[in-house]
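Chain residues, written in single-letter form:
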Protein chains: 6
Amino acid sequence: MSIPSLLVFSLLFVSTYASVNDFCVADLKASDTPSGFPCKNPKMVTEADFVYSGIGKAGNTTNIIKAAVTPAFTPQFPGVNGLGISIARLDLATGGVIPMHTHPGASEILVVIEGTICAGFISSANTVYFKTLNKGDIMVFPQGLLHFQINSGKGSALAYVSFGSPSPGLQILDFALFANELPTELVAATTFLDVAQIKKLKGVLGGSN
Amino acid sequence: MSIPSLLVFSLLFVSTYASVNDFCVADLKASDTPSGFPCKNPKMVTEADFVYSGIGKAGNTTNIIKAAVTPAFTPQFPGVNGLGISIARLDLATGGVIPMHTHPGASEILVVIEGTICAGFISSANTVYFKTLNKGDIMVFPQGLLHFQINSGKGSALAYVSFGSPSPGLQILDFALFANELPTELVAATTFLDVAQIKKLKGVLGGSN
Amino acid sequence: MSIPSLLVFSLLFVSTYASVNDFCVADLKASDTPSGFPCKNPKMVTEADFVYSGIGKAGNTTNIIKAAVTPAFTPQFPGVNGLGISIARLDLATGGVIPMHTHPGASEILVVIEGTICAGFISSANTVYFKTLNKGDIMVFPQGLLHFQINSGKGSALAYVSFGSPSPGLQILDFALFANELPTELVAATTFLDVAQIKKLKGVLGGSN
Amino acid sequence: MSIPSLLVFSLLFVSTYASVNDFCVADLKASDTPSGFPCKNPKMVTEADFVYSGIGKAGNTTNIIKAAVTPAFTPQFPGVNGLGISIARLDLATGGVIPMHTHPGASEILVVIEGTICAGFISSANTVYFKTLNKGDIMVFPQGLLHFQINSGKGSALAYVSFGSPSPGLQILDFALFANELPTELVAATTFLDVAQIKKLKGVLGGSN
Amino acid sequence: MSIPSLLVFSLLFVSTYASVNDFCVADLKASDTPSGFPCKNPKMVTEADFVYSGIGKAGNTTNIIKAAVTPAFTPQFPGVNGLGISIARLDLATGGVIPMHTHPGASEILVVIEGTICAGFISSANTVYFKTLNKGDIMVFPQGLLHFQINSGKGSALAYVSFGSPSPGLQILDFALFANELPTELVAATTFLDVAQIKKLKGVLGGSN
Amino acid sequence: MSIPSLLVFSLLFVSTYASVNDFCVADLKASDTPSGFPCKNPKMVTEADFVYSGIGKAGNTTNIIKAAVTPAFTPQFPGVNGLGISIARLDLATGGVIPMHTHPGASEILVVIEGTICAGFISSANTVYFKTLNKGDIMVFPQGLLHFQINSGKGSALAYVSFGSPSPGLQILDFALFANELPTELVAATTFLDVAQIKKLKGVLGGSN
């Protein structure tokens, strides 16, 4: 096989290469679209775009929930843009809690790396599914449903949670209800919580009105 | 144009007809699938399968929320199965409230037919968007986010809400937290609500533990 | 709970907030994409972006069809961009007709608010499904199929139609055939309509050739 | 490398094999679902399921349109079920026409194999796009829009048309309007066609009422 | 019907026209997105955007594989952008081979226009499905699986292959393994091929390391 | 709030509950569909359906690749059916290798739990992206592209890989080429490998012909 024939071979397929759309590393400076961010120029993409070390160390758990969520979603890890997947790290100190929350945009799988976690979700039919998970156990949480994770062991716990979207979203119930300017009377009217309870938690979480 | 040529014309296309998949009226007796219910035999489908009168009259609002949600989702209206859309009717008596809730599976558009409604939602970024809607106004609620509707007028209110899925789901916050057997200590740990508050609402809504 | 611990709590989640993709209000000045328009900067989004009053009043029905369609699709109501849903208002004066048309991009649900409407669609299998709808009745029209609505009552009629796409499209049969420069002989050859009939309707609807 | 180590190797991956979902050859005896037919048992699938000769010969064009459409959609070629693609063959004798029609479920690409074809479509914006295509030319027709193909050459013509769905559907305008029991007055009211014209075509195409 | 009423009719629908999203001809100068390229201004779109003659003539098969693939994907034929479909032409001289390859982004249907082709694919379950195809035969290749086409007849062969995506991608096995800088020892470790074999093919195909 | 009013409240929403489609635990005895398996009766679903311990212990790595892949796809973990996500465990003993392979149905994220892994993938444009990953590092592999993982450290390595589909598929290159009855001459013709090389690997991997 001679060099000339090789060149012909290469040239033949070259127009095809231009149509490659294997990946679409996010250009975070451009405007987002409903399907994700516009793509960084493929010629400027390197292996560094597909690797991320930012969830490699424990988040700071010296806070009121004794826990930390460290995401690798599109804004932190632009390589997942358009690929239908992302991941986050959960660190729970002793007594730590990931409070009741939802991901509006994706289902989640949790795998316990270390410690013991009591995790659960509540269905639209109002049924509760919860269980104590040990090292190596996995649990799936369907899209959009309220769920939680609690360190139910004696030491700290570590888990990774994966999502079927690069932008699963995260709505933390207490923040949604108590950490903004939603008027107390509206919260009371729509949740049946007592006004005193609402005002107390607004105080803790920085809400007003 | 003779009758014989017509017959030939008809026969030519007949094999194509067998490939019709315009709609898929749900066979509710069959098992559901991730994309919806299996289809009723197309030969048995009539116009009655595509029309529904069940949301034509007001729901009963003589209850604690002074409101009623009457859905036309796949189980009530099998004709929407597989078509990516559904609708429901909201009736709010004076003072009525559709409490804080989410739809895990679809975004929603509300149109006010009668009365005045204060409606809002809270984003993942914890921002509140709410506004008073008058007759003819519409509002859109993005998928999976906590939202609510309150009758803020003097008389009763009526609205229709449409969804981009035949099975949008409905998770009512108070029911999820207080109307099942989720242990009080787990609710407390994951919501920061006081135990007394939780027990009070579990009492009202029929929850245990 | 002290202020410092609160701050730590807030900071922990702040990087997550940047990944929010709950909604994507259309920036109509930017170029459209296959999934919809690029998103307006989320920081500039307010509740006004999610509310629209433009379909709150009746369209002008003093025209040949005695009817009006008033859409709230992405161009009129940018808040629905990327959310898989939209809505329009149908006004039909006495004798009004929404002529035979299709929506290439979405299925539709119609709810009758006022009056009596005879509505129907035709399947790929060439079967007709039509029925007279009264106030409160709903009907679903599968994506891409020819359908129509006629005011079959004595007074005017009002309906809302919802779609499972923010850009369902609208192809009105008569406009497609007779209101453009498609040559008469091509229309005749592809529809079997008489040339005189075609020329007559081209005259009415402003077509040429 | 010994036989024993090979066996271990094989066994290790065997559980993975059970999760294969590469294809889903339609079991046409089962009920359809919104995503397509249930799958034939993979163990019974052979190469014959992925190959089809039924569009290899010309359709019968001795009919009023002097043309034939021979589809390879899921019902004819179950191997495409769930794979998002299908194909059909167009034969046009001299003067043959594929009349105005839509595919509600997919866009189409046509490639001319033989002869000369004048093809076109009309957009929602009412613009006509049509052109004469010669051997080797391709044209794309967006989903759900009215389009047509006419043999504009001297001899017969052959084309293949591919679709981005295994069940693209096919609604032929004249059949939808004139070959069923849709009452003449409804056709007249929704198309503005003259009653005489409608009755004439209903006569030709076998419609009633 | 008077001219004035016609004008009213036209004006009524004009706002709807602005929401048209029937197609999205690629603006190749803009940045790609996960759903495809931004759209060319619809006002500048003409029929030329939907027609392509570039796959109308045979590719050059005087190369080592005695074959040529000529694609009409988005970069070559911007009219398919966002429409979920594309096509390519395969030319195989006597003895020609389209080597083992995958399309990561779409399933494929092949139709033989001329000659005899032996084509096949291998499933995830490691089963081989292959068959000799004659003129007019079609074969479907599920997304992402290794497949090949060989001219098994005496003369040249021609086929068209359609894809359920405007950007199906194309990964040619030999190029992936031997035509880049992937170190020989990594290729050896991950394919079990002998180092000599790898170096030989790297030599032919221009790989290094 | 009295008990009677509570009952009314509960009954009002009960019809809504029937429309729940939060999840669809696979009924593996039923036939698969293009969107996944039919759903197990929701009334029979318990928390056990959402939790899986099967990937909690190391796979057996005493084999020729010194590695093991242990999947939790739909067949092993029916709870992920229809939820767009799954996970697997990779164990690599010292010198272990997950050989060159693709997942036709999903992109993948790998997180290193223990040890050091050299991982990489090759794009359609024939570019290689590979890097050495340490504990806590993550890497994303786009759908359908050839990729590999090698234990490049001194001890054993452990990683979890998540997928954006409950059935991502797995095609191992060597198995596809050498572990079945694909004739040696076809492998040679489509891969340019030497016949001796092919026969050697067919011998090791159990292939014939």
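As a reminder, the structure under discussion sits directly above these lines.
Residues numbered from 1 in each chain as written. Chains lettered and ligands numbered in written order. Predicted model: local features only at pLDDT ≥ 70, side-chain atom pairs only at ≥ 80, totals over all residues. Heavy atoms only, no water.

Chemist: I'd like a description of the sheet that holds strand β6 (residues 117-122) of chain D, backed by residues and values.
Modeler: Residues and elements named next belong to chain D. Taken together, the 5 strands give an open sheet; going across it, the order is β7-β6-β9-β4-β11, and neighbouring strands pair in antiparallel fashion. Strands with a single pairing partner mark the edges of an open sheet, and in this sheet they are β7 (128-133) and β11 (171-172). Pairing between β6 and strand β9 (residues 147-151): 5 bridges, direction antiparallel. Residue pairing in the sheet places C118 in a bridge with I150 of β9. (Pairing = 2+ DSSP bridges. Helix = DSSP H or I, 4+ residues; strand = E, 2+ residues; numbered from the N terminus.)

Chemist: Talk me through the interface of chain A and chain B; I want residue IDs and the actual numbers.
Modeler: Opposite the 43 residues of chain A that make contact, chain B presents 43 residues. Taken over both partners, the interface formed by chain A and chain B buries close to 3800 Å², and the fraction arising from carbon and sulfur atoms is 63%. For the pair chain A and chain B, the number of links is 2 salt bridges. Residue K200 of chain B pairs with D194 of chain A through a salt bridge whose shortest N-O separation is 2.8 Å. Applying the counting rule to chain A against chain B returns 18 residue pairs in polar contact (both at pLDDT 80 or more). Those elements giving two or more residues to the side of chain A that touches chain B turn out to be β4 (97-102), β6 (117-122), β7 (128-133), β9 (147-151), α2 (173-178), α3 (184-191) and α4 (195-205) of chain A. The biggest single contributor to the side of chain A that touches chain B is α2 of chain A, with 6 residues. Per-class residue counts for the side of chain A that touches chain B are 27 nonpolar, 12 polar and 4 charged. (Contact = heavy atoms within 4.5 Å. Buried area = accessible area lost by both parts, 1.4 Å probe. Salt bridge = Lys/Arg side-chain N within 4 Å of Asp/Glu carboxyl O. Polar contact = N/O pair within 3.5 Å; in protein donor to acceptor, adjacent residues only side chain to side chain. Nonpolar A, V, L, I, M, F, W, Y, C, P; charged D, E, K, R; others polar.)

Chemist: Would you mind going over the packing of aromatic side chains in detail, with residue names and values included?
Modeler: Counted according to the given criterion, the structure contains 54 aromatic pairs over all chains. When the ring of F121 of chain A is compared with that of F50 of chain F, the centres are 4.9 Å apart and the planes differ by 80°; the resulting orientation is edge-to-face. A residue pair is termed interchain when its members come from two chains, as with F121 of chain A in strand β6 and F50 of chain F in the loop between α1 (3-17) and β1 (51-52). Of the two residues, F121 of chain A and F50 of chain F, neither departs from the other in class, the shared state being buried. Through successive ring pairs, a cluster of aromatic residues spans F23 and F50 of chain A together with F121, Y129 and F141 of chain F. (Phe/Tyr/Trp six-rings, centres within 6.5 Å; stacked < 30°, edge-to-face > 60°. Buried < 20%, exposed > 50% of the residue type's maximum accessible area, 1.4 Å probe, protein only.)

Chemist: Can you break down the relation of the copies chain A and chain B residue by residue, with the values?
Modeler: Overlaying chain A on chain B yields an RMSD of 0.0 Å, the required transformation being a rotation through 180° with an accompanying axial translation of 0.0 Å. A rotation of that kind, with that shift, is consistent with a two-fold axis. Identified as the residue of chain A closest to the rotation axis by C-alpha distance is G144 of chain A, at 2.7 Å. Interface overlap between copies is the fraction of interface residues in one copy that are interface residues in the other; for chain A against chain B it reaches 100%, indicating a shared surface. (Least-squares fit on C-alpha atoms with pLDDT ≥ 70 in both.)

Chemist: Break down the interface of chain B and chain C for me, citing the residues and quoting the values.
Modeler: Every contact between the two is made by 48 residues of chain B and, on the other side, 48 residues of chain C. Summed over both partners, the interface of chain B with chain C buries about 4000 Å², with 73% contributed by carbon and sulfur atoms. It is I85, Y129 and I138 of chain B in chain B that bury the most area against chain C; as a group they hold 15% of the surface buried on that side. Remark: the boundary between chain B and chain C carries 0 salt bridges.

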